[in-house]
Amino acid sequence: MKKLPVFCPSCESNLLVSELSCSNCDTVISGKFDLPQILQLSAEDQEFVLQFVLNSGSLKKMAIQMNISYPTMRNKLDEIIASLHPNSNS
Ligand SMILES: [Zn+2]
């Protein structure tokens, strides 16, 4: 299956879901649906969030596992938080 694109290759706006299909009976539903916020993150950021959950929210464990320094992990998480709250300064 192809990777889900989240940004328009033409103007870089967020993409909407306009068609959903049943893998069993091929029923197709069309409309305009927002992608869940978590899916609006880049594939790399989604992987980070997934690993964060799988590691019970321990950046320390993730840092050891991925051999990346704790401050780098912390910065990455802060970037993701900022991208999920584009209008806040925290
Ligand atoms: Zn079906």
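Structural data are supplied above this passage.
A short tour of the structure in this document, coming up. Just so it is clear, the model here is predicted, and its values are computed rather than measured.

What counts as what
Per chain, residues are indexed from 1 in the order of the written sequence. The model is predicted, so local features are restricted to residues of pLDDT at least 70 and side-chain atom pairs to those at 80 or more, both for listing and for counting; the totals for chains, interfaces and linings are taken over all residues. The side-chain values count all of the structure's non-hydrogen atoms but skip hydrogen atoms and water molecules. Strands are runs of DSSP state E lasting at least 2 residues, helices are runs of H or I lasting at least 4, and numbering of each runs from the N terminus. Three exposure classes are used, based on accessible area relative to the maximum for each residue type with a 1.4 Å probe and protein chains only: buried under 20%, partly exposed in between, and exposed over 50%. Contacts between residues were defined by any pair of non-hydrogen atoms, one from each residue, lying within 4.5 Å. Water is not among the atoms examined, so metal sites may look incomplete; donors are the N, O and S atoms within 2.8 Å of the metal, or within 3.2 Å for Na, K and Ca. Surface patches are drawn from residues lacking salt bridges whose relative accessible area is over 30%; two like charges belong together within 9 Å, two nonpolar side chains (Val, Leu, Ile, Met, Phe, Trp, Tyr) within 5 Å. Surface accessibility follows the Shrake-Rupley procedure with a 1.4 Å probe radius. Residue values consider only the protein chains on display as shielding. We define a salt bridge as a side-chain nitrogen of Lys or Arg found within 4 Å of a carboxyl oxygen belonging to Asp or Glu.

1. Here we look at the environment of Leu59
Here Leu59 shows up in helix α2 (residues 59-66). We classify Leu59 as buried; its relative accessible area is 6%. Through-space distance from the C-alpha of Leu59 to that of Gln46 is 15 Å; in sequence the pair is 13 residues apart. Setting aside residues no more than four positions away along its own chain, Leu59 makes contact with Phe48, Phe52, Tyr70, Met73, Arg74 and Leu77.

2. Some thoughts on the coordination of the zinc ion
When a metal holds four donors in a tetrahedron, each ideal angle between them is 109.5 degrees; when it holds six in an octahedron, the ideal angles are 90 or 180 degrees. Only Cys22 (SG) and Cys25 (SG) from the protein reach the zinc ion as donors, at distances of 2.2 Å. When its relative accessible area of 31% is taken as the criterion, Cys22 is described as partly exposed.

3. Quick word on a nonpolar patch on the surface
Taken together, the side chains of Leu20, Ile29 and Phe33 present a nonpolar region at the surface, about 250 Å² in accessible area. Turning to its location among the elements, Phe33 is positioned in strand β2 (residues 28-33).

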